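Structural characterization, general
In case you want the letters, here they are:
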Amino acid sequence: MRRLSRRKALTLVRELDAFPKVSESYVETSASGGTVSLIAFGAMALLAFFEFFVYRDTWMKYEYEVDKDYSSKLRINIDITAAMKCQHVGADILDLAETMITSNGLQYEPVIFDLTPQQRRWQRTLLLIQNRLREEHALQEVLYKSLLKGGPTALPPREYASIEPLNACRVHGHVYVNKVAGNLHVTVGKPIHHPQGHAHIAAFVSHDTYNFSHRIDHLSFGEEIPGIINPLDGTEKITYNHNQMFQYFLTVVPTRLNTYKISAETHQFSVTERERVINHAAGSHGVSGIFIKYDTSSLMVTVSEQHMPLWQFLVRLCGIIGGISSTTGMLHGLVGIFFDVICCRLKLGVYRREEVQLHNEMNNLNNHQTPLLAEAVPQE
């Protein structure tokens, strides 16, 4: 009984076979079919090879949400060199709440404004990358994915000591401010704070010493991440006018970065530049200096690195193999039908040989046919 039940089960399973096997004696091979098979196998291997690289690659996913964290402080990282002596310039930040942050956290270092050849090459390379970033936004994703491989974007130190006079002042360091709009000033005189606002003591500085040619080696918001290039890094402005005002308008966007190499909270920003000459007689009022006005966005961007899952890679691989097999089979059948119709109409190839063979058989049949008896002629 058990054997009978097993035989019935096997018979039922065989009847459900969706892939019936054809005996090799009924299979006919051809050179064209073999050529198409080789092409199909080659295409499968090539597409599977490229698909494997797509599976290994990653991409950045951008998500947007409302930034609900307004109580925390915003860190500003500053490295600006102005072409004036340190005793003549001062830096401070005044935010929208009239809270002034003076030089706490900022250092004034006398330096030489002109760069060495090595530093100049570094700056040119940085500016070249900046131009590529403006043209190709996808390059920023490459920087995100290779954060730890990128070196620091700070200006390299001088290789040797110089005897040139220290004619510039490097203002560098970091400060913590409220997450509201603010204005960073680098102008003439040291800043002081009084109940009605703030001011810079510029009365003892000669107007002929005003020179706000400057270089922004680094300016960023939030945590410093190696390998990230900010929009103002490497910016250099040269002026020969003592009454020049430089303005930078920044929109700061909180950014949460999650990659396979690092997780950090930083900030991106966009910038608009403007510069003009102060001329009170012509109606151009203001104060000479460098002014960086920033405002924080209410939206937060979450940048996360995504990877194709294994099951999706296997499904796409099966689609490649099945699609090429079905497509090449249909194309081979259609091409065969097309050639059969052409050859049949023009009597070419096999159809030509069949016609000749049929004609020879008809001739042989006529030669071996029995002659008919002549009818008897009646006698007179």
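Every value quoted in this text rests on a predicted model; they were computed, and no experiment measured them. (Residues numbered from 1 in each chain as written. Predicted model: local features only at pLDDT ≥ 70, side-chain atom pairs only at ≥ 80, totals over all residues. Heavy atoms only, no water.)

What follows deals with the nonpolar core. By size, the foremost hydrophobic cluster in this structure holds 32 residues, and its most contacted members are Ile76, Leu219, Phe221, Tyr248, Leu250 and Tyr294. The set of elements that each furnish at least two residues to this core consists of β2 (73-82), β3 (89-95), β6 (168-178), β7 (182-188), β10 (214-221), β12 (244-258) and β14 (289-296). With eight residues, the next largest nonpolar core counts Ile225, Ile262, Ala264 and Val301 among its residues. (Core = buried A, V, L, I, M, F, W, Y, C linked by side-chain atoms within 4.5 Å. Buried < 20%, exposed > 50% of the residue type's maximum accessible area, 1.4 Å probe, protein only. Helix = DSSP H or I, 4+ residues; strand = E, 2+ residues; numbered from the N terminus.)

Here we take up the pairing of β12. Direction of pairing for β12 relative to strand β13 (residues 263-277): antiparallel, over a ladder of 15 bridges. Within β13, the position partnered with arginine 256 by the bridge is glutamate 265. In sequence, β12 turns back onto β13 through a hairpin of four residues. With eight bridges joining them, β12 and β14 adopt parallel strand pairing. Bridge assignment links leucine 250 to a residue of β14, and that residue is tyrosine 294. Pairing of β12 with strand β15 (residues 299-307), which is carried by four bridges, proceeds in the parallel orientation. Its bridge partner lying in β15, threonine 255 is registered against valine 301. (Pairing = 2+ DSSP bridges.)

Turning to the UniProt feature "transmembrane region" (unreviewed entry) in the chain, a few remarks are in order. UniProt records the feature "transmembrane region" (unreviewed entry) for residues 35-55 in the present numbering. Segment residues 35-55 splits into 100% helix and 0% strand. End C-alpha atoms: 30 Å apart. (UniProt positions renumbered as here; feature names shortened; annotations may be inferred.)

In this section: the pattern of salt bridges. All told, the structure shown has 12 salt bridges when counted by the stated rule. For arginine 215, the salt bridge identified is with glutamate 236, shortest N-O distance 3.7 Å. Of this pair, arginine 215 sits in strand β10 while glutamate 236 sits in strand β11 (residues 235-237), placing them 21 residues apart in sequence. Residue arginine 215 is classed as buried on the basis of its relative accessible area of 2%. On the basis of relative accessible area, glutamate 236 is assigned to the partly exposed category, the value being 26%. The salt bridge involving arginine 256 is made with glutamate 265; its shortest N-O contact spans 3.5 Å. Exposure remark for glutamate 265: the relative accessible area of 49% places this residue in the partly exposed category. (Salt bridge = Lys/Arg side-chain N within 4 Å of Asp/Glu carboxyl O.)

What follows covers helix α3 (residues 117-135). In this model α3 runs 27 Å from its N-terminal to its C-terminal C-alpha over 19 residues, within 8% of the 27 Å that 1.5 Å per residue would give. When we look at burial in α3, the residues that qualify are Gln119, Trp122, Gln123, Leu126, Gln130 and Leu133. Burial along α3 is one-sided: seen end-on, the buried residues are contained in an arc of 95°. Exposed positions of α3 whose direction lies more than 90 degrees from the buried face are Pro117, Arg121, Arg124, Leu128 and Glu135. (Expected span 1.5 Å × (residues − 1). Arc of directions from axis to C-beta.)

Strand order in the open sheet formed by five strands is β5-β6-β2-β10-β11, with antiparallel pairing between adjacent strands. Each having just a single partner strand, β5 (106-111) and β11 make up the two edges of the open sheet. Taken over all neighbouring pairs, the strand axes of this sheet differ in orientation by 15° on average, direction set aside. (Axes fitted to C-alpha atoms, helices over the stretch in contact; angles between N-to-C directions.)

The next thing to look at is a nonpolar patch on the surface. Residues Leu46, Leu47, Phe49, Phe50, Phe52 and Phe53 make up a contiguous nonpolar surface patch of about 590 Å² in total accessible area. Tracing the chain through its elements places phenylalanine 53 in helix α2 (residues 31-56). (Patch = residues over 30% accessible without salt bridge, like charges linked within 9 Å, V, L, I, M, F, W, Y side chains within 5 Å. Areas by Shrake-Rupley, 256 points an atom, 1.4 Å probe, with all protein chains shown as cover.)

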